[in-house]
Amino acid sequence: MRGIRRTRPSTSAMNGFYAIGFLVVLSFVLLAACERGALESKVPAAKPPAADNSEIRLVDRLDREVRFTKTPTRIVSLSPSTTELLFALGLGSSIVGRTEHCNYPPEALEIAKVGSGTLEGISREAIVNLRPDLVLCKWDSHQPLIETFEKLGIPIVAFGPENIQEMFQEARLIGSITGQQAEAEQLVDRMSARLERFKAVVSTIDAQDRKRVFYQVWDAPLMTAGPTSFIGEILTTAGFNNVFSDLTNRYTRVNSEVLVERDPQIIFAPTTHSTEVKLESFATRPGWGNVAAVRDGKIFIINGDQVSRCGPRLLDAMEQMIRLGYPHVAAGLEP
Amino acid sequence: MILLVAFGLLLALAVSSLAVGAVPIPMAGVVDWMLNKEDSGLSVAQRTILWDLRLPRIFIACFVGGSLAAAGVGFQGLFRNVLADPYVIGASSGAALGATLVVVAGVKLSLGGLGATVIGPMLGSIAVVLVVFVVGSLGRHGSALTLLLAGIAISSMTNAIVSLLMFLNDQKAIVILSWLMGSLAGSDWSVVWVTSVAAPLGFILLWGIARQMDAFLLGDAASQSLGLSLMQFRMLLIVGASLLTASAVGSAGIIGFVGLISPQIARLLIGAKHCWLIPMSSCVGAIILIVGDAIARTVVAPAELPVGIVTAMLGCPFFLSLLLSSKTAGRM
C-alpha cells in the first residue's frame, strides 16, 4: 500500500512537470514565431478608383479595405494629431467629434467631445449620435472600436503615422478621401521644404560637434524613445546622437546606470509626465549630478503637444531642438 | 421570496438602464420602442444606439455579473474561504495570455461573427485552469491547498509570459492592453449569443452540485463520510465555475470585485445554503454590474469610466452596511 502511495504522487508530479514543460516549450515556440512574423502595421494607401469612378477605396494600416461612395463631411477624429492634421488640411469645419485631448488649434475646442483619448474613455454612443460618415481612429489602441463600427456600417479608418514620411502619406490619404488633394499636396510640399531646409542646416554641423542626447519620455520608470520612433527620428534628423540609438523598441524603460555611463550632453523632456516636469528634479537623481547635461544645465523642456504628436507641428518641435542644441546655426533655419 | 424580489429588481433595472447613457434617450421613447410602436419618436441614431450598443451591453453586463458572482460562490466553496474569487486559480492570467497570443500572432479568424479576441481569452482561461487543475490535483494529497498554490505559481508564470510578449512586441503592447482592460463597451450581439449559451451551462452545472457544496463545507473527511466523491465533485465544480469565468472574461475582459463581493452580499441576504446562494449571488452580481455600467457610461459623459471603479465604489459601502447590520455576519 505504501509503495503504491509513493509511486503515484511521483508519476503525477512528473506529469505536472511535463505539463509545465510543454507549456514553456510551446510558449517559446510561439514567441519565436511571433518575433519573426512581428506584424508591422502597413502605411495606408489610396486604391485606384473603381471603374465607374463612383467610389473611393483605400487600404488602412490594418490592411482593411474601406470604401466611400460619397465625400465624408461628418468626421470624428479620435486622436489629437489627426485633429491637427485635419485642420491643417482645411477640414476643421467637417469635424463633428473629437477627444478631450484634441486641444489644437483653439477652434478644435468648440467641437463636441466623444470622450477622453483612451479606449475606455471613448463613448461609442456619443459617436453614433453624431451620425459620422468617417471615423479616424488610432490603429493600435482603438482596435475594439473598429469591430463595433464596422458592424454598424460606419466607415472607420485605422490611422496613426509612426514617422514623418508616413504622416505625409496619411495627409495625402485624408486629402483623397475628402476631396482636399490640392491642400494635402500643398501641406506636404510646405513641410517637406521646411524639413529639407533643416537637414541642410544640420549638415553644416561637424561630426565632432554633434551632441549626445537623452530624450526622457517618462521619469518614473525612466523611459526613452528609440531610433524607430518618430521622436527618435526627429532627434537624429536634428543632428543629435541619441544615447539610446541601440534600442529596438520604440518606447521603453532604460537603466539609469547606463544613462549615467553614456553621459548625454543634452536632455530633452516634454512639458509634462502627467505632472509638470521640473528641471531641478534631474540633479537630485542618484549619480546624475555628474552627467554632462545636468552639470552644464543643458536640460530643455520641449512643448509636449508638439513633440509627442506625429502631426503637422512635429517640425516646430524639431526646430526648437535644433535652436537649443546648436544655437550657432539657428539663423539658417528661417526660410 | 427575497430571491424573487432580487430577480424582479434585476429585470426592472435592466429595462430602465436602457434609458441611461451618454446620449439621453427618454424613457417613454424606450418603452414605445420596446413595444415595437412605429412612432416611438426616436431618431435613427437613437434606435441604433439602443439596439446595437445599449441592449447588447446590458445583456452582457447581466451575464458577466451573474457568471462571475456564481463562479465566485463556486471557488469560495471549493476553498472553504470567502476570500476566493473567480480568478484565484488562473482564469484571468489565462484570459490575458489568450488575448495576447491572438493579438501577437495577428490571428483574424472569427467563428460565427465572434472575433478572435473573444475566443482567445475564453480558451486561454479554460486552458490555464485546466493545467492548474491537473497539476494541482496530482500532488501528494490532491488537497485544495495544493490546487491554490499551483494556481498561484502557474498564474505568475502566465502573467510573466504575457509581460514578456508585450515587451518583445513593443508595437503591439498597446493593442494588447486595449483588449485586456475589462470593459462592457465593446459588447455586441455575437458576444451575447455565445455567453447566453456558455454562462447558463456553467450555471446549471454549478447549481446541480449545490447540495454537494453544502456537504463539502463540513470538511474533506466529513463530506466523504456523507458519500461525496471528492475528486469528481472538485472536477464538476471547477468545470462549471471556469466555464462561467471563461464566458465572462471572453465577453468583457477582466472585471474584478463583482465575483468576490456578490457572494458575500448574497450570503448575508439569503444564507449559506448553496441551492439558494448560487442564484441569489448571480442576481446580485448582475445588478451590481448593470447599475455600475449605467453609472460608468453617464457620470463623466461623454467620456466613460472604467466599470471596475464604479462597482468597487458602489458595492463596498453597500456590503459594509450589510455586514455591520447583519446578525448573521459572524456565521459567514
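*Asks:* Sorry if this is basic, but what is going on with the overall build of chain B here?
*Replies:* When its secondary structure is counted, chain B shows 14 helices and two strands. Taken against the 2.2 N^0.38 rule, which gives 20 Å for 332 residues, the C-alpha radius of gyration of chain B at 20 Å falls within 12% of a compact globule. Viewed in the frame of its principal axes, chain B has a C-alpha envelope of about 65 × 55 × 35 Å. Burial statistics for chain B: of 332 residues in total, 54% are counted as buried.

*Asks:* Sorry if this is basic, but what is going on with the overall build of chain A here?
*Replies:* When helices and strands are counted, chain A shows twelve helices and 15 strands. Within chain A, the fraction of its 335 residues that count as buried is 40%. Of the contacts made within chain A by residues no fewer than 6 positions apart, 55% connect residues no fewer than 24 positions apart.

*Asks:* Before we go on, may I ask you to explain the sheet that holds strand β6 (residues 134-138) of chain A in this structure?
*Replies:* Backbone hydrogen bonds are what pair the strands of a sheet, in a parallel or an antiparallel way. Residue and element names in this part refer to chain A. With respect to topology, four strands assemble into an open sheet ordered β5-β4-β6-β7, the strand pairing being parallel. A single partner strand is all that each edge strand has here, and the edge strands are β5 (95-97) and β7 (156-159). On average, each strand axis in the sheet is tilted by 35° relative to the strand beside it, whichever way the strands run. By the bridge criterion, two bridges tie strand β4 (residues 75-77) to β5 in an arrangement that is parallel. Looking at the pairing, I75 lines up with I95 of β5. Contacting β4, β5, β6 and β7, helix α2 (residues 80-88) runs over the sheet at an angle of about 135° to β4. Lying on the sheet, helix α4 (residues 143-152) is in contact with β6 and β7; it crosses β7 at an angle near 160°.

*Asks:* What exactly am I supposed to notice about the domain arrangement of chain A here?
*Replies:* Interfaces are frequently sized by the accessible area removed from exposure as the parts join. All names here are of chain A. Segmenting chain A into domains produces domain 1 (45-190) and domain 2 (205-333). Using C-alpha coordinates to define each centre, domain 1 is positioned 30 Å away from domain 2. Each side of the interface is counted separately: domain 1 has twelve residues, and domain 2 has nine residues. Breaking the side of domain 1 that touches domain 2 down by element, the ones donating at least two residues are α2 and α5 (164-178). It is α2 that contributes the most residues to the side of domain 1 that touches domain 2, five residues altogether. Considered class by class, the residues forming the side of domain 1 that touches domain 2 number eight nonpolar, two polar and two charged.

*Asks:* Please explain the environment of D52 of chain B as it appears in this structure.
*Replies:* Looking at the secondary structure, you find D52 of chain B in helix α3 (residues 44-78). Sequence separation of D52 of chain B and S187 of chain B is 135 residues, and the distance between their C-alpha atoms is 8.8 Å.

*Asks:* What is the right way to look at the pairing of strand β12 (residues 266-270) of chain A in this model?
*Replies:* Residues and elements named next belong to chain A. For β12, a buried count of five out of five residues is recorded, marking the element as mostly surrounded by other parts of the structure. Of the two faces of β12, the one carrying I266, F268 and P270 and the one carrying I267 and A269 are both buried. The pairing of strand β8 (residues 212-218) with β12 spans three bridges and is classified as parallel. Among the inter-strand pairings, V213 is bridged to a residue of β12, identified as I266. Strand direction decides the pairing type here: β12 and strand β15 (residues 299-302), joined by four bridges, are parallel. Bridge pairing links F268 to F300 in β15.

*Asks:* Can you walk me through the confidence of the model for chain A in this structure?
*Replies:* Any region with low pLDDT has predicted coordinates that should not be read closely. Residue and element names in this part refer to chain A. Per-chain confidence: chain A averages 85 in pLDDT, with 84% of residues scoring 70 or above. For residues 1-14, every residue scores under 50 in pLDDT, and the model assigns this stretch six contacts once sequence neighbours within four places are set aside. Throughout residues 27-40 the model reports pLDDT below 50, and contacts reaching past four residues in sequence, or to other chains, amount to ten contacts.

*Asks:* I tried to follow the pairing of strand β3 (residues 65-68) of chain A on my own but got confused; where do I start?
*Replies:* Residue and element names in this part refer to chain A. Note that strand β2 (residues 56-59) and β3 share four bridges and pair antiparallel. By the bridge assignment, L58 is partnered in β3 with V66. Count of turn residues in the β2/β3 antiparallel hairpin: five residues, of which D63 carries a positive phi of about 70°.

*Asks:* Help me understand the packing of helix α4 (residues 91-104) of chain B against helix α6 (residues 144-168) of chain B in this model?
*Replies:* When two helices pack together, their arrangement is given by the angle between their axes and by how far apart the axes lie. Residues and elements named next belong to chain B. The N-to-C vectors of α4 and α6 enclose an angle of 25°; their axes lie 9 Å apart at closest approach. Overall, the two elements α4 and α6 adopt an arrangement that is roughly parallel. Of the two possible hands of crossing, α4 and α6 adopt the one that is left-handed. Across from S93, G94, A96, L97, T100 and V104 in α4, the residues of α6 making contact are S155, T158, N159, I161, V162, L165 and M166.

*Asks:* Looking at this structure, I do not really get unusual backbone geometry. What am I missing?
*Replies:* With an omega of -10°, the peptide bond running from Y104 of chain A to P105 of chain A counts as cis. Structurally, P105 of chain A can be placed in the loop between β5 and α3 (124-129). The phi angle at D63 of chain A is positive, at roughly 70°, despite the residue not being glycine. With respect to the helices and strands, D63 of chain A occurs in the loop between β2 and β3. Assessed through the 13 C-beta atoms surrounding it within 10 Å, D63 of chain A is described here as partly exposed. In this structure, R80 of chain B takes a positive phi of about 45° despite not being glycine. By the secondary structure assignment, R80 of chain B is in the loop between α3 and α4. A tally of 13 C-beta atoms within 10 Å means that R80 of chain B is categorised as partly exposed.

*Asks:* I tried to follow α3 of chain B on my own but got confused; where do I start?
*Replies:* Spacing of three or four residues puts side chains on the same side of an α-helix, whose turn is 3.6 residues. Residues and elements named next belong to chain B. For α3, which comprises 35 residues, the first-to-last C-alpha distance of 49 Å matches the rise-based estimate of 51 Å (1.5 Å per residue) to within 8%. L50 marks where α3 bends most, by close to 35°. Of all 35 residues that make up α3, 29 are buried, and the element is covered over most of its length. In the segment just after α3, R80 is the residue with positive phi, at about 45°.

*Asks:* How do you make sense of helix α14 (residues 307-325) of chain B when you look at a structure like this?
*Replies:* Spanning 19 residues, α14 of chain B covers 27 Å between terminal C-alpha atoms, matching the ideal 27 Å at 1.5 Å per step. Here the buried face of α14 of chain B lies against α12 (258-270) and α13 (274-296) of chain B.

*Asks:* Looking at this model, I keep getting lost on the environment of L206 of chain B. Mind explaining?
*Replies:* All names here are of chain B. Positionally, L206 belongs in helix α8 (residues 189-208). Separated by 33 residues in the primary sequence, L206 and V239 have C-alpha atoms spaced 8.5 Å apart. Not counting chain neighbours up to four residues away, the residues in contact with L206 comprise A70, G74, L237, G240, A241 and I278.

*Asks:* Honestly, the confidence of the model for chain B in this entry has me stumped. Any pointers?
*Replies:* Residue and element names in this part refer to chain B. The share of residues in chain B with pLDDT of 70 or more is 95%, and the mean pLDDT across the chain is 87. Looking across chain B, the model is least confident in strand β1 (residues 110-111), with a mean pLDDT of 63, and most confident in α13, with 94. The complex model carries a pTM of 0.80, and its ipTM stands at 0.75.

*Asks:* Hey, could you run me through the environment of A45 of chain A in this one?
*Replies:* Residues and elements named next belong to chain A. For A45, the position within the fold is in strand β1 (residues 45-47). As a C-alpha pair, A45 and L173 span 128 residues in sequence and 6.4 Å in three-dimensional space. Setting aside residues up to four positions removed in sequence, A45 forms contacts with L58, V59 and L173.

About the criteria used
Residues numbered from 1 in each chain as written. Chains lettered and ligands numbered in written order. Predicted model: local features only at pLDDT ≥ 70, side-chain atom pairs only at ≥ 80, totals over all residues. Helix = DSSP H or I, 4+ residues; strand = E, 2+ residues; numbered from the N terminus. Rg over C-alpha atoms; globule rule 2.2 N^0.38 Å. Buried ≥ 20, exposed ≤ 12 C-beta atoms within 10 Å, placed from the backbone. Contact = placed C-beta atoms within 7 Å. Pairing = 2+ DSSP bridges. Axes fitted to C-alpha atoms, helices over the stretch in contact; angles between N-to-C directions. Domains from an automatic or database assignment. Nonpolar A, V, L, I, M, F, W, Y, C, P; charged D, E, K, R; others polar. pLDDT = per-residue confidence, 0-100. Parallel < 35°, antiparallel > 145°, perpendicular 65-115°, else oblique. Left-handed = near helix turned anticlockwise from the far one by under 90°. Expected span 1.5 Å × (residues − 1). Bend = angle between axes of the 7 residues up to and from the residue.

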